[in-house]
Structures are given as C-alpha cells and as structure tokens.
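A look at the structure
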Amino acid sequence: MMKQKLFFWVISLFIGISALQAQDISVSGVVKSKGDGQPLPGVAIMVKGATTGVTTDIDGSYAIKANAQSILVFRFIGYAPQEIKVAGRTRIDVTMEEEAQLLEDVVVVGYGTMKKSDLTGSVASVKAAEVTKTSSGSVEKLLQGRVAGLQIINNSEDNPQGGATVRIRGASSINGSNAPLVVVDGVPMGDAGNLNSINPNIISSIEVLKDASATAIYGSRGANGVIMITTKNGKGDKANVWFSGKVGASIFSKKLDYWRNPLQMAMLENEAYENAGLEALYVGKKDVNGAYYPSIAEIRDGEWPYYTDWSDYIFRTAITQDYNMGVEGSTERSRYYISLGYYSAEGMQIGDDYDKLSFDMSYDNDVTNNLSIKTKAGIFKGKRNYNYGMDYSRNPLFPVYNGDGSYFKAFDKDYGNPVMMTEQRKNVADNVDAYASLKIDWDILSGLNFAVQGNVRAGTSNTSFYNPPKYTDAGDRFDGEGGMTNGNYLNYIVDAYLTYNKLFGKDHSFSAMGGVSYEDNVNKGSSITGRGFQNHVLQDENLAGAENRYVGNYRSETELASAFTRINYTYKNRYMFTFTGRVDGSSKFGENNKWGFFPSGAVSWRLSEEEFIKNLGIFDNLKLRASYGISGNQGISPYQTFEQFGSNYYYVDGKEYIIYGVGKEVGREGIGDRYVLWGGMPNDELGWEKTSQVDIGVDFSLFNNRLDVTFDYYRKVTTDLLREKLLTPSSAYDKVWVNDGEIQNKGFEFAINGRIITQGAFRLNAGLIFSANKNKVVNIGTKEDSGYIEDVNGVRYQPYGGSVFNDAYLNILAIGQPINVFYGYKVDGIIQNMPANPTKMTRPGEFNYAGLREDGSLDPDARRIIGDPNPKFTSSLNIQLTHKSGLDLSVMFYGVYGNDIFSPRKLDAPSLRAGRWTPETPNNNRPSLRADRSYFASSWFVEDGSFLRIQNITLGYTLPEHYLKCIKNLRVYLNVSNPVTFSNVSEYDPEVGENGRGPVAFPRTCTFTTGLELKF
C-alpha cells in the first residue's frame, strides 16, 4: 500500500512539473547594439519553430510568450542572428553584434562561408571601401597592390573600358588560361581581366583564394586561383537612400616626347640619310613617294610656314564620371537593395570613349523561420567608340589642312593625318548583358541546410566599322570597306548542395558539404563585310550595296557537369582538418578524358590555444597551416578534339585567293604570311591540364592584436600542358592538341597589418604586402613534336611570341628558365675603331654585337638569353591616418623589382637621339644615326624595369551624424592616382605587358578624382 502511494505521488509530481514546463511564461528584456550600446528598435524575436513573433519598440524593449524550454531567435538586418535558450528565465537582455564587424572574422569560400580563424587554406580579403576611391571600367584594375600573391598588370592605361592582366602566384600555362576565375555571389563569371559588367560600387567584399585547399572546390577552373566577389544586400530597419558620385580628370604623368624643334629634327634626319649613303631628305624637293620636304634653309630662315603640334589634335584632358544611386532597407522578413549606376570615361585620345549604364537589384525574403529565398538581377549596357593608333610624333612640318580646307596628305597613300583618322574612320561597339539568380536556403533540421541556386546570364554585342576610300588604306584598296559583327551568348548554371554542421560536446566541431553543379554555355554570332561601294554616304548601313560581300557565322557550346564535397573537422578549437574534392566532366575534352578528379587536403594547428604558447605571453593568435591539392585547367577553345574543316582567304600582290584545307587555320608563316598552318586533327585522348600545389603558412598576431602577420610558402607544378604538337607533312595537318610539358612556380608571400596608434585624436594604421615568385619551364616535349631548338650552349627553347625588328621572335620558352625570357645578341657598347675592311655593320658608331663577323653578318649561334621580364618581387605599402574630427588621409605605394623590359623607344625617342655617336662626339652608349640600319633583338634594348610608384593619395572628410539629422552619412574626398613613378627606363612607363615588351605609346595617366557619398 505504501509503495502504491509513493508511486502515485511520484507520477503526480512528474505531471505537475511537466505542466509547469509546458505553461507559457512572459519573457521580456532589452536589445542593444554591441558597438555603441544603444537600444535597437525593430529587432524581430520569435520562438524557434513558431510562426509568429514580436519586434522591439523604440527603446529596444520587448515582451514575448514562451515556455521554459523554448529557444528565442533574435534577427535584425545588419546584425548577426542569435539563438538563446529561455531556461525558465523571465528576463533576457541581448547584445547584438553588427555583421560589418563580423566581416573581418568571416570570409567567403566556395559554396559557403568560414570563420577566418578556422581557415586551413590561403585566403586574403579586401575591403570594398579600399577599391572604390577611384573609378575604372573593370574592377580588376582596382585590386593592384591589395593582395600578396595577386599580380595586376595595368598595361592598357589608355583604355577607357578598363582591362588588365591578372595572375595569382605566377603563370602556369602556355596555351590554356592563366587568369584566375571570378565568382560573383557564388556564380562563376569567367576569367579575370576585363569583367566590366560588374559595377565596383555594389561590391561588399572580395576574397582571393590562392592555394589548392581553397580553390579545389572549383576543380577544373581553380588552377589559377579564384577571386570571390560578394555584392551588397539590403540592411537597416527602414528605407535608406544613398548616392555616390565621382568625377576624375586625367593628364599624362610625364611630358610627351616629340619633336618640338623641327630644325633639329631635319638636321638629324639628314645626317641619318647621309650616313646611309643616301641623298638627304630635307633638301627642298619631293621624295620618291611625292612628299615635299623643305630644305634646312627654309626651316631655319622661317620660310616654311607650317609647324603642327600634333598632340593638340590627338590628346585631351580625359574626364571620367561615375555616378551611383539606390535604395536599401528591410522589413521584418525581407531585405532589398536597388542600385543604378552610370559610368562614362574618355580615353586620352580624342574620340576614344566608353559609356555604360548598369542596374542591379536584390531581394531576400524569409518565407518561414527555416526557409529563405534570395534573388538578384541586373542589366548592363555599354558602348565603346574606338579611336586610337594616332601618331603624335608625325612630322610637325606637315600641316593639318590644305589651303582649300581639305585634309593634308603628304602623298597619295598617306593615311596618317590624325584629324583625318578621327573624323573619317568609324569603329563602334555596343553590348547588353543581363543576369538573374535565385537561391533557396532551407534549414531542414538543426544544423542541416539545403541550398539550390540557379543563375542565367545572357548578352548580345554588336560591332560596326567603315573605312572610306581616300582616307584609309583598306578603303582605298577596296573602294570602301565596311562591316558588322553580331554575337550573343546564353549561360546558365544550377548548383544544389547540402551542408551539415554539428557540435559534439565541447571539443568536436564537424561540418560537411556536398553537392552537384551543371553549366551550359552557348555562343553564336554572324558577320558580314562589304567591299566596293558606289555610294559612301550610308557607310556600313548599306552593306547590301557593296560589290563584294563576305559572310561568316559561328556557334559553340560547352558543358560542365560536376560533383563536389568539403569536410571540415575541428578538435578542441585548435586542430583543424579540411578535405575538398571535385569531379568535373567537360565537353571540351576527348571521349576518353572528359572527367577529372581534383582533391585537396589541409590541416592547421592553432598553437595560441596551447598552454605552452599562452604561457609565453607573446602571441594573441598563432596558427600553422599546411595544404596540398590538385586543380585543373580547361582554358582552351571548344572542339579542339574534333576533326575540323575550313577555308581561308589570303592575298598576294593585292589579288584575293581562297584556299581550302582539311582542318582549320591555326597560324600563318612565310613572306607576307602567305602560307596557312593547319590544325583540326582529332584527339580523343586530350584531357585536363593539372596543377598540384603545396602551401605552408603561418598566421600570428601580437601586442593585443595590433599587429597581424600572414606568411605563406608555396610550390605549384603544372603538368600535362595543353599545347600543340607538330606533325609530319604526311598527316595532312601541321599541328594537333596534346597534353605534354611541365611548368613550375614557387615562392613566398607575406602581409603585415599594424594598428600603430589606437588611442587619442589620431589613429594610424599601416599594411605591407610582399610577394616573390620564381617561374621555371621544366619540360616542353620532345624536339620532334615541339620543334624546340637547341643552341650551341645547350639551351633548349621554343619561340613564344611574335617577331621584333628583323628577328622572328624575342620571347622564348627555355627549359630551366622562366616563361617569356628574352633571346638575342649581346651588345658590348659601340664600335670605336675602324677595321681593316669596314662594312656598314662594322664601322665606328655601330653596335658592337657579340658574334659580329668581319663581313658584317651576325652569327646566329652567338644569341643568348638576354633578359627576364618576370619580377623578382612585388610589394605595396598602405598608410592610413584618421582624426576624430572626421578627417582621413591614406597613401599607397606600389613597387616592382627585378624585371627586365625590352624598350624599342630607347632607339628613336627624340629627346635621346641628339646623344648619338658622331666622329666629333664619340660615346659608348648610343649608335650613330643611319637610315638603312637593320636592328636585331639585342641586350642594348633591355633595361631594368624596376619601379616604385605612389599609387594613390586620398584625403577625405566624413561629417559626424549628429550635424545633419536628415543625412545618415556624408563623406567627401579627393584622390590622386599615379602622380609619381620612380624608375630608370627609357619608356614612358615601366609597367608593360606580361611579355616585357615596349614600346609604351604614352605616359601613364595621373588622375585627380573628387567624390561625394551620401546616405539619407
């Protein structure tokens, strides 16, 4: 009986406790911001699993019904969400942390995000504010000097459309793509270099993925690194209207070098003709082409009435305008962001212009507590008027117009009058691009998320041109030539993946992600060229009236199917392991090699969590990283594995011929490029170019996190190079695509960021990055199939690039040497003494070539490697000074050291020609002037391309919020970019192309930009 009563009371107590636990209680509290401690109105608070909730009032307070075991979810736009257990409490105060502060601790990686402290790979972040102080047609140019290991070569400074050469940890391929992949909001957009459809002003953050552990999740496109761009989403508890405007004026950073003294020009030109044994040019009569050249006396005595400063007719102060406006905000469950941008840039050459208009929007909606939908869409329209190639060094003794107002032509086939070129040529291109993406995030269970994202991009481009007769070469040859090209593309990508995150006890953290992806890309277009017009008034708009019409069209389609996974495990918050794998199948490759597997593994050890490190009292953070992985490259045109057929036009002595072949043209050779090289032989075995990379890194912080240091050493080896193999004539082909060869990159990089002064009225921060990379060609195939040459010194090389002067090539691929090294003759000064049997090449005043024979010929076996265009290191220093009043000043320095450039301008720059060798003023630096001299690739043209540039200077002022109630933020600033470059080159600017070749047509521009940022 006693046991029955005891059992009854136990059951009753259990039921009572359960009833109390199930009974709703009132929970209240205040929600504040961690940054300033101010109350947050409008914070959404829900009981997890329920469909209703409440929001905080004006003073941040709230009250909600829940039970003792409920979990409250706090969400507010711009702040990190929080989940807090009630645990029977009736008052819960919450402090929320801004996402902007968390951005420094969270980085975007492929298909997700990670805490920076948990990274096992090499990833660098760039703040959006750092790259929007100046304007550019493409975002890549703005990244120069911002990330260690990221090399940006701005060798198209006068291109208003933007464009740059982008490399991460060196070049790894000779035919495939060397540019990193750009991913915008999780969607691969293509190779970096000229992505002008991205508006830099809507970028929120940029991450650069450098090692295989970070890039292998993108498999076949991650061999050259990945640039992750995240665009802005809506935030704030109500609508915020914002506006930003930038206006820039560009001038040359150096004085143009051209003939300002026509008398000196004429005298030196006559000297060059006389030294060649020819009649002097400036003698007051017409030359063989019919051009009249005044005599020295006419020029000296002022009898010749013309002097033209051609730069006045070619160049201008180029104006750039960049305006953006939009609205952003949120409701309890949704966020929105709308942006409209207009960008207009003038090139330094008159008539060379670029304009674009962009519209971007995003809308996110929390449909339920565990289901959200994110959408982005936009449209971009650009237009380019091309007008370039005009010669400001044209003879200043030629006028612009004849006496009757017609264009001056020195002779019938003189097409170089810049004013005539600007006003008579036509070359216009416009394009429209649009995109739309939809992402669904579903929290299936606690820690289990399913995401599916679809993205569509489409665009169309149109180019039209016209070359009229009399004023253009092509127009004269064909009695007018005009045409148009139309192209369009359609790209869609679908990704679906599951992510699982779980904490096991207090020591184990595990996450796994796996998914699939499919991408289809279709490009097609058509072109028509007309020649021979009876009427030139309508130009290219009357192609049907052309006597001869040439029509072409194309279509290509590529597919990429993939499966991928990433697994992360952390033990005791100090030992971290990552495995990443991706399988890609590409339609570009042969039937037997379409699929590739690209794995990577990484480990890291957070030593600062170990007691023996903590006891040292030195490090606030210390982490070691190591990774190894393989990624791929499919950066070749489609259909290279198929048998291809085609026909081609070519011209000999002005006559047009058509030739047919069994393949497709892959090049030309012979005098006048009259012979076609045929490719198109099928190869079912063609497969992936593979890059394996090992990375060892260390991250540490000192002095209460005021000094952060990141160091990486890496070694990249690319094998199975995609290249063209030479074939025997009996095959009926000249070349076929194969996998063969090896290139190696290795180096180290470090980044140091210091918060030097953190207290008082002034704050001082500084950041230094340093990158050193050594590139080496290890293998380029056998002599039979690659056609490499072995010189008398045992150097095995293959030409890699076009001709220079009288030589067929300058750059080569040499085994054991970096890509693109220079190959030519060494020059030991200038010949000073007359030989017994002089020739034009051996008499005093000529180059003293190594290998110069007595008869004046050059021994080709005397050629050597004479230069390396690859820098030994690049570095930048960024200094930022702020004052509590709202003033800020930043200065950025950028430097390159140890690269060579090949400078043809060293030969014919007007300011240098007066220093030539003469019998009266002999020297060992410059040759004499000789009009008929043949020039060869030689060390005389090779110069040290090292430079130090003041990249940017920015002075700004931010008005404190309390000054104007209607304005949340107001900032004005002045930026000066590229004001000074320190170097010793003869070129206008030492920053030339990746192959190290000049000449640079104009000095780099110095741009003064004034900007305004407003948020209401």
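Note that this is a predicted model, so its numbers are computed, not measured. (Residues numbered from 1 in each chain as written. Predicted model: local features only at pLDDT ≥ 70, side-chain atom pairs only at ≥ 80, totals over all residues. Heavy atoms only, no water.)

1. Overview of the overall build of the chain
- Check the secondary structure of the chain and you find 12 helices and 55 strands.
- The C-alpha atoms of the chain give 34 Å as radius of gyration, which agrees with the globular expectation for 1016 residues (31 Å, within 12%).
- Principal-axis analysis of the C-alpha atoms places the extent of the chain at approximately 135 × 70 × 70 Å.
- With 1016 residues in all, the chain has 49% of them scored as buried.
- Long-range contacts, defined here as pairs at least 24 residues apart, represent 67% of the contacts in the chain between residues at least 6 apart.
- When the accessible surface of the chain is totalled, it reaches about 46900 Å², and 56% of it is carbon and sulfur.
- The chain carries 104 positive and 114 negative side-chain charges, and their two centres are separated by 7 Å. (Helix = DSSP H or I, 4+ residues; strand = E, 2+ residues; numbered from the N terminus. Rg over C-alpha atoms; globule rule 2.2 N^0.38 Å. Buried < 20%, exposed > 50% of the residue type's maximum accessible area, 1.4 Å probe, protein only. Contact = heavy atoms within 4.5 Å. Areas by Shrake-Rupley, 256 points an atom, 1.4 Å probe, with all protein chains shown as cover. Lys, Arg positive; Asp, Glu negative; His and termini not counted. Charge placed at Lys NZ, Arg CZ, Asp CG, Glu CD.)

2. Observations regarding the sheet that holds strand β4 (residues 61-66)
- Pairing is mixed across the open sheet formed by 3 strands, whose spatial order is β4-β1-β7. Unpaired on one side and paired on the other, β4 and β7 (94-96) mark the two borders of the sheet. Taken over all neighbouring pairs, the strand axes of this sheet differ in orientation by 35 degrees on average, direction set aside.
- Two elements, strand β1 (residues 25-33) and β7, share 3 bridges in a ladder whose sense is parallel. The residue bridging K32 from the neighbouring strand is T95, located in β7. (Pairing = 2+ DSSP bridges. Axes fitted to C-alpha atoms, helices over the stretch in contact; angles between N-to-C directions.)

3. Observations regarding the side chain of N154
- By the secondary structure assignment, N154 is in the loop between β11 (150-153) and β12 (165-168).
- In this structure N154 touches K141, Q144, A164, E991 and R1004, once residues within four positions along its chain are discounted.

4. Regarding the pattern of salt bridges
- In total, this model carries 43 salt bridges according to the counting rule given.
- When the shortest N-O distance is used, the salt bridge between D699 and R625 registers 2.9 Å. Of this pair, D699 sits in strand β36 (residues 689-702) while R625 sits in strand β31 (residues 619-633), placing them 74 residues apart in sequence.
- When the shortest N-O distance is used, the salt bridge between D859 and R853 registers 3.4 Å. (Salt bridge = Lys/Arg side-chain N within 4 Å of Asp/Glu carboxyl O.)

5. Notes on empty space enclosed by the protein
- Inspection of every chain in the model, using the stated rule, returns 8 cavities of 30 Å³ or more.
- The space that makes up the second largest cavity amounts to roughly 480 Å³.
- What lines the second largest cavity is a set of 36 residues, and nearest its centre among them are Q151, I153, N870, P871 and T874.
- Of all the secondary structure elements, the ones that give two or more residues to the lining of the second largest cavity are β11, β41 (762-779), β49 (873-883) and β50 (887-897).
- Considering only residue class, the lining of the second largest cavity consists of 16 nonpolar, 15 polar and 5 charged. (1 Å grid on protein atoms, 1.4 Å probe; cavity = no way out; pocket = protein on both sides within 12 Å on 5 of 7 lines; lining within 4 Å. Points joined across faces, edges and corners; volume = space filled by probe spheres on them. Nonpolar A, V, L, I, M, F, W, Y, C, P; charged D, E, K, R; others polar.)

6. Focus: the sheet that holds strand β5 (residues 71-75)
- Pairing is antiparallel across the open sheet formed by 4 strands, whose spatial order is β3-β2-β5-β6. Edge positions in the sheet fall to β3 (53-55) and β6 (82-85), since each of these pairs with one other strand and no more. Between one strand axis and the next, the sheet turns by 20 degrees as a mean value, whatever way the strands run.
- Sheet topology places strand β2 (residues 44-47) next to β3; 3 bridges connect them, and they run antiparallel. Within β3, the position partnered with M46 by the bridge is G53.

7. A short note on the environment of E991
- Looking at the secondary structure, you find E991 in the loop between β54 (969-983) and β55 (1005-1015).
- Within the local environment of E991, its side chain forms a polar contact with the side chain of Q144, the two groups lying 2.8 Å apart.
- Of note is the side chain of E991, whose polar atom sits 3.0 Å from the side chain of R949. (Polar contact = N/O pair within 3.5 Å; in protein donor to acceptor, adjacent residues only side chain to side chain.)

8. Some details on a negative patch on the surface
- Among the surface-exposed residues, D412, D476, D479 and E547 lie close enough to one another that they form a single negatively charged patch.
- Mapped onto the elements, D476 comes out in helix α8 (residues 473-478). (Patch = residues over 30% accessible without salt bridge, like charges linked within 9 Å, V, L, I, M, F, W, Y side chains within 5 Å.)

9. Focus on the nonpolar core
- Core analysis: the biggest nonpolar cluster contains 38 residues, and L256, Y282, F315 and Y392 have the highest contact counts within it.
- The set of elements that each furnish at least two residues to this core consists of α4 (262-275), α5 (296-300) and α7 (418-424).
- Tallying contributions element by element places α4 first for this core, with 4 residues.
- Those residues in contact with Y392, other than ones at most four positions away along the chain, are L256, D257, Y258, W310, S311, I314, F315, Y988, A1001 and F1002.
- If you look at the next biggest cluster of nonpolar residues, it comprises 26 residues, including V166, V187, M189 and I198. (Core = buried A, V, L, I, M, F, W, Y, C linked by side-chain atoms within 4.5 Å.)

10. Here we look at the confidence of the model for the chain
- For the chain, the mean per-residue pLDDT works out to 86, and 91% of the residues sit at or above 70.
- Segment residues 1-22: pLDDT under 50, and 4 contacts once partners within four positions in sequence are set aside and those in other chains are kept.
- Within the model, pLDDT remains below 50 along residues 100-104, and this stretch shows 6 contacts once partners closer than five positions in the same chain are excluded. (pLDDT = per-residue confidence, 0-100.)

11. As for a nonpolar patch on the surface
- On the surface, M325, I338, L340, Y342, L357, F359, M361, Y363 and I379 cluster together into a nonpolar patch covering about 740 Å² of accessible area.
- For the nonpolar patch, the elements supplying multiple residues, two or more each, are β21 (334-346) and β22 (353-368).
- The element best represented in the nonpolar patch is β22, accounting for 4 residues.
- Along the chain, the position of F359 falls in strand β22.

12. Remarks on the side chain of N491
- Mapped onto the fold, N491 is located in strand β26 (residues 481-504).
- Polar contacts involving the side chain of N491 include one to the side chain of N521, which spans 3.2 Å.
- The residues touching N491, leaving out its near neighbours within four places in the chain, are N455, V456, R457, E519, D520 and N521.

13. Quick look at unusual backbone geometry
- For the bond from G998 to P999, the omega torsion is 0 degrees, close enough to zero to count as cis.
- Positionally, P999 belongs in the loop between β54 and β55.
- One non-glycine residue, R169, adopts positive backbone phi at about 60 degrees.
- One can find R169 in the loop between β12 and β13 (181-184).

14. Notes on α4
- For α4, which comprises 14 residues, the first-to-last C-alpha distance of 20 Å matches the rise-based estimate of 20 Å (1.5 Å per residue) to within 8%.
- Three or more residues of α4 are buried, namely P262, M265, A266, L268, N270, E271 and A272.
- Contacts made by the buried residues of α4 are with α5 and α12 (910-913).
- Sitting at the amino-terminal end of α4 is N261, which places a side-chain oxygen 3.2 Å from the backbone nitrogen of L263. (Expected span 1.5 Å × (residues − 1).)

15. So, a positive patch on the surface
- Together, K232, K235, K238 and K968 make up a region of like positive charge exposed at the surface.
- The topology assignment puts K238 in the loop between β16 (226-231) and β17 (240-252).
- Exposure remark for K238: the relative accessible area of 54% places this residue in the exposed category.

16. Observations regarding the environment of V537
- Relative to the assigned elements, V537 resides in the loop between β27 (508-533) and β28 (546-571).
- Residues V537 and N194, spaced 343 residues apart in sequence, show a C-alpha to C-alpha distance of 35 Å.

17. A word on the packing of aromatic side chains
- Under the definition given, this model contains 51 aromatic pairs.
- Ring geometry for Y407 and Y471: centres 5.4 Å apart, planes at 85 degrees, overall edge-to-face. Highlighted residues: Y407 in the loop between β23 (371-385) and α7 and Y471 in the loop between β25 (448-467) and α8, separated in sequence by 64 residues.
- Residue Y407 is classed as buried on the basis of its relative accessible area of 16%.
- Geometrically, the ring pair formed by F822 and F902 is edge-to-face, given 6.0 Å between the ring centres and 65 degrees between the ring planes. Here F902 lies in strand β51 (residues 900-902) and F822 lies in strand β45 (residues 821-824), a separation of 80 residues in the sequence.
- Judged by relative accessible area, which is 0%, F822 ranks as buried.
- Through pairs of rings, three or more aromatic residues link up here, namely F805, F822, Y825, F847, Y849, F902, Y935, F936, W940 and F941.
- Directly above the ring of Y343 sits K356, whose terminal nitrogen or CZ lies 5.5 Å from the centroid.
- Between the NZ or CZ atom of R531 and the centre of the ring of F478, over which it lies, the distance is 4.2 Å. (Phe/Tyr/Trp six-rings, centres within 6.5 Å; stacked < 30°, edge-to-face > 60°. Lys NZ or Arg CZ within 6 Å of the ring centre and 35° of its normal.)

18. Regarding the pairing of strand β9 (residues 112-115)
- Both strand β8 (residues 106-109) and β9 contribute to a ladder of 4 bridges, which runs antiparallel. Paired with V109 across the two strands is G112, which belongs to β9.

19. Examining the pairing of strand β37 (residues 707-719)
- Here 13 bridges tie β36 to β37, and the two strands are oriented antiparallel to one another. By the bridge assignment for β37, K690 is matched with T719.
- The hairpin turn running from β36 into β37, its antiparallel successor, is 4 residues long, and F703 in that turn takes a positive phi close to 55 degrees.
- The sheet contact formed by β37 and strand β40 (residues 742-757) spans 13 bridges and is antiparallel.

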